[in-house]
Amino acid sequence: IGGFIDSILDGAIPPDKHEYYLTVISGEVKRLSRLVTSLLDISRIQAGERKFTMTAFDICEMARQILISFEQRIDEKQLNIEFECDRDNMTVYADRDAIHQVLYNICDNAVKFTTPGGLYRINITSHDKKTYVSVYNEGQGIPEAELPYVFDRFYKSDKSRGLDKTGVGLGLYITKTIMDAHNEEIWVKSIYGEYCEFVFTLQSVISNH
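Residues numbered from 1 in each chain as written. Predicted model: local features only at pLDDT ≥ 70, side-chain atom pairs only at ≥ 80, totals over all residues. Heavy atoms only, no water.

Asker: How do you make sense of the pattern of salt bridges when you look at a structure like this?
Answerer: Close approach of charged atoms allows side chains of opposite charge to pair. In total, this model carries seven salt bridges according to the counting rule given. The shortest N-O distance in the salt bridge between D108 and R73 comes to 2.7 Å. A residue pair is termed long-range when its members are at least 10 positions apart, and D108 in helix α5 (residues 96–113) and R73 in helix α4 (residues 71–77) qualify at 35 residues. By relative accessible area, which is 16% here, D108 ends up buried. Exposure remark for R73: the relative accessible area of 29% places this residue in the partly exposed category. Among the salt bridges present, the one from K176 reaches D180, with a minimum N-O distance of 2.8 Å. Linking K176 with D180, this pair stays in helix α6 (residues 171–181), spanning four residues, or about one helical turn. On the basis of relative accessible area, K176 is assigned to the partly exposed category, the value being 27%. (Salt bridge = Lys/Arg side-chain N within 4 Å of Asp/Glu carboxyl O. Helix = DSSP H or I, 4+ residues; strand = E, 2+ residues; numbered from the N terminus. Buried < 20%, exposed > 50% of the residue type's maximum accessible area, 1.4 Å probe, protein only.)

Below, the structure written as structure tokens:
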């Protein structure tokens, strides 16, 4: 960023190239901003400064809204969408904003890495007082040797670097940190070259009706 700006100011980059290099600079500034925000978020969670407010909310409705927000990207890739819930409305007990962050991040990754025309499935089930949220996508998946490291800080699959120009490798680490703070589980299943599936648990709110 500094080098490009100095070159523009020094006249080393001709005026007709300014827009191109300013676009590159803008992209890098946004990426650094995301990185700093993510690192601050992690620090707050680990220091116990990010307070989680536990409430009851409908996880199915949240998943529907997140899916709708990806509509344009889903259409562009012509993905085959499946959305399955045990019931139309399924209530869980957790921090709503934090779980939105978790589900949005996993769904965003799935859209990013699904093969064009491939299957993209969100499945929400419940049993034994737990709700299981699954996000499945057909695509390259994650090599078996890398599966244990998916939730590590700054993890980015070497295979994904060419596809993921915007990530900083902290999304899944934050996701795991949030799930740990909820005393819930998250895991990933994948067969390389075929599919990837992330699953996490939440405490169910059992209706008396």
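Asker: Would you mind showing me how to read the packing of aromatic side chains here?
Answerer: Aromatic ring pairs are reported here in terms of the distance separating the ring centres and the angle at which the planes meet. For the structure on display, the rule yields six aromatic pairs. Measuring from ring centre to ring centre gives 5.0 Å for F70 and Y104, while their planes differ by 45°; the resulting arrangement is tilted. Of the two residues, F70 is situated in the loop between α3 (59–69) and α4 and Y104 in helix α5; the sequence distance between them amounts to 34 residues. Every member of this aromatic cluster is reached through a ring pair, and the members are F4, Y20 and Y21. (Phe/Tyr/Trp six-rings, centres within 6.5 Å; stacked < 30°, edge-to-face > 60°.)

Asker: What am I meant to see in helix α2 (residues 18–46) here?
Answerer: For an α-helix the count is 3.6 residues per turn, leaving residues at separations of three or four pointing the same way. Its 29 residues give α2 an end-to-end C-alpha distance of 42 Å, which sits within 8% of 42 Å, the value for a rise of 1.5 Å per residue. Turning to α2, its buried residues number three or more, namely I25, S38, D41, I42 and I45. The inward-facing, buried residues of α2 abut α1 (2–10), α5 and α6. Phi turns positive, to about 75°, at G48, one or two residues after α2. (Expected span 1.5 Å × (residues − 1). Contact = heavy atoms within 4.5 Å.)

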